[in-house]
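If you want the building blocks of each chain, they are given just below.
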Amino acid sequence: MVPLNYLDAGSGSMLLQIVLGGVAAIGVTAKLTWRRFLRTLRIRRDDDET
Amino acid sequence: MYSSDGEVLRELSLRGQEDWDALESARFFRRALEDGRIVATEEVEPGVLRHERLPFVSYPYEWPFEMLREAALLQLELLDEALSEGFVLKDGSPYNVQWRGSEPVFVDVGSFERLREGEPWAGYRQFCALFLYPLMLQAYRGVAPQPFLRGSLEGIEPSQARALLPRFRRGVLTHVVLHDRLEAKHAARERDVRSELKAAGFKKELIQANVRRLRKLVQRLSPNGRSEWAGYREAAPYTDEDAERKERFVRAAGASRLAWDLGANDGRFSRALEAEYVVAVDGDERVVGELYRALRAEGSKTILPLVVDLADSSPARGWRGVERRRLEERGRPDLVLCLALVHHLAIGRNVPFAELVGWLRSLGARLVIEFADRDDPMVRRLLAAKRAEVHESYGRDEFERALREGFQIARSEELGSGTRTLYLANPRL
């Protein structure tokens, strides 16, 4: 069992941390957006890991 | 965490033990232990840590702006160093910080854990709610955040901060407005953002960039707000000679282990005490902020300045009222200074002499107390704001009668001004 963290970070707060990541975040943002786009077109399922 | 025979001990879970084993050998951790930024910690037996006992526990709602900012910077500095070596903090809470006088000490060693690849900083939201928004509120709006922090142990929510803070000040659009929007947008969605971020390649450099920007932002915030009592000593009706006599009287009270200086103002008499540790309390946030700044510059490790309104002091808080304790339950003083305070409580806050003496008696400590009579300029000023008949019984005889109910007066001295008297008193057994 994975022990509980002290905190639930909150989805909005987690996503904001990409915005706040500055230059380092560009690649991550692009990948996240692309994956969401594919999912919208139903090319990728929600539980696809890779 | 528990306390046993005066020792502060922490029992580790299985995962906690693994994190501790890794942490113990991390360079940043050893460095921070050595320079005192992290509380002294040793493993006394497998799975049990013993921590250094700090002289007096205090809470963020008792800290002035400068202390909250200092605690925030310590937290961010340690997080930045930890990230470089593959660790992260589980949270972002000011309750993880305590004080050695004016020096902040990170006390929650259990907050460090090994960074899991692809995960963001779980404590970011908490950092905003308990550090960043309260600091912004005072810096950008001139509103002291202590009542908010005391009102909710969770701090100020992003939605509340958005309603309270001006939009176009540094850091507000991202850490407040966007934060609230994203939170509102994602609150109703059942999407596993954590896995999404991991799959998109979220990495620790993003946390580090955020932490460094936060450090810059917090460093630039400065306190804003009015004070009623800053500069009081200059404006007060004391002559230098009276102040020196007071100082001599305080010194003659002798040595103590833990002293409380109630109504400490600029801390002159806290410094005059021969005490191992002094808790210097004042109700005016700006006055305590100034005192902290001076003590920090002096490198003081024996005087802890706190913002406490004695007519409404820190209550028991949290789950069943046992998570955060009342001021009186965190260590009993053996000497109490109560200088230039009685008239403010008795007239300004309508606390009867008997009540005030009763409370002081309950502390069980020797007492140095000052009484200002009706002819004193400050008392006249306070009385002028009241209806004439309300404080008719305010006088030295009435005060002494009340004081004798709880204490034996060992010594008294009238100051040169003729309107003020000092008493050294021992609690009646």
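Nothing here was measured: the structure is a model prediction, and the numbers come from that model.

## What about the packing of helix H15 (residues 353-362) of chain B against helix H17 (residues 396-406) of chain B?
Residues and elements named next belong to chain B.
Next up, step 1: The contact between H15 and H17 brings their axes to 9 Å, and the two run at 30 degrees. Here H17 runs roughly parallel to H15, going by the angle between their axes. The two elements H15 and H17 cross, and the hand of that crossing is right-handed. Taking contact as the criterion, the partners of Phe-353, Ala-354, Val-357, Gly-358, Leu-360 and Arg-361 in H15 are, on H17, Glu-398, Phe-399, Ala-402, Leu-403, Glu-405 and Gly-406.
Next up, step 2: Within the contact of H15 with H17, the residues separate by chemical class into seven nonpolar, two polar and three charged.

## Let's talk about the confidence of the model for chain A
Next up, step 1: Summarising the model, chain A shows a mean pLDDT of 72, and 66% of its residues fall at 70 or more.
Next up, step 2: The low-confidence segment residues 1-6 of chain A (pLDDT under 50) makes six contacts with residues lying over four places distant or belonging to another chain.

## Describing the interface of chain A and chain B
Note: interface size is frequently given as the accessible area lost on complex formation between the parts.
Next up, step 1: At the interface, 26 residues of chain A touch 33 residues of chain B.
Next up, step 2: Elements supplying a minimum of two residues to the side of chain A that touches chain B: helix H1 (11-19) and helix H2 (26-40) of chain A.
Next up, step 3: Ranked by residues supplied to the side of chain A that touches chain B, first place goes to H1(A) with nine residues.

## Overview of the nonpolar core
Residue and element names in this part refer to chain B.
Next up, step 1: Grouped together as the largest cluster of nonpolar side chains are 126 residues, with contacts concentrated most on Leu-135, Val-336, Leu-337, Cys-338, Val-342, Leu-367 and Val-368.
Next up, step 2: Per-element tally for this core: the top contributor is helix H4 (residues 124-141), with 12 residues.
Next up, step 3: When residues of this core are assigned to domains, at least three fall in each of domain 1 (2-220) and domain 2 (232-427).
Next up, step 4: Ignoring anything within four residues of it in the chain, the contact list for Cys-338 reads Leu-262, Gly-263, Leu-360, Leu-367, Val-368, Ile-369 and Glu-370.

## As for the pairing of strand E4 (residues 48-51) of chain B
Residue and element names in this part refer to chain B.
Next up, step 1: Pairing of strand E2 (residues 7-11) with E4, which is carried by four bridges, proceeds in the antiparallel orientation. Across the sheet, residue Leu-9 finds its bridge partner in E4, namely Arg-50.
Next up, step 2: In this structure, strand E3 (residues 41-45) lies alongside E4, joined through four bridges in antiparallel fashion. The partner of Glu-42 across the bridge, within E4, is Arg-50.
Next up, step 3: What sits between E3 and E4 in their antiparallel hairpin is a turn of two residues, with Gly-47 showing a positive phi close to 85 degrees.

## Details of the sheet that holds strand E13 (residues 366-372) of chain B
Residues and elements named next belong to chain B.
Next up, step 1: If you walk across this open sheet you meet the seven strands as E11-E10-E9-E12-E13-E15-E14, and the pairing is mixed. This sheet does not close on itself; its edge strands, each paired only once, are strand E11 (303-307) and strand E14 (407-414). Each strand of the sheet is rotated relative to its neighbour by a mean of 20 degrees, with strand direction disregarded.
Next up, step 2: Examined bridge by bridge, strand E12 (residues 335-338) and E13 share four bridges and lie parallel to one another. For Leu-335, the partnering residue across the bridge sits in E13 and is Arg-366.
Next up, step 3: Here helix H13 (residues 285-298) sits on the sheet in contact with strand E10 (274-282) and E11, set at roughly 160 degrees to E11.

Rules used in this analysis
Residues numbered from 1 in each chain as written. Chains lettered and ligands numbered in written order. Predicted model: local features only at pLDDT ≥ 70, side-chain atom pairs only at ≥ 80, totals over all residues. Axes fitted to C-alpha atoms, helices over the stretch in contact; angles between N-to-C directions. Helix = DSSP H or I, 4+ residues; strand = E, 2+ residues; numbered from the N terminus. Parallel < 35°, antiparallel > 145°, perpendicular 65-115°, else oblique. Left-handed = near helix turned anticlockwise from the far one by under 90°. Contact = placed C-beta atoms within 7 Å. Nonpolar A, V, L, I, M, F, W, Y, C, P; charged D, E, K, R; others polar. pLDDT = per-residue confidence, 0-100. Core = buried A, V, L, I, M, F, W, Y, C linked by C-beta atoms within 7 Å. Buried ≥ 20, exposed ≤ 12 C-beta atoms within 10 Å, placed from the backbone. Domains from an automatic or database assignment. Pairing = 2+ DSSP bridges.

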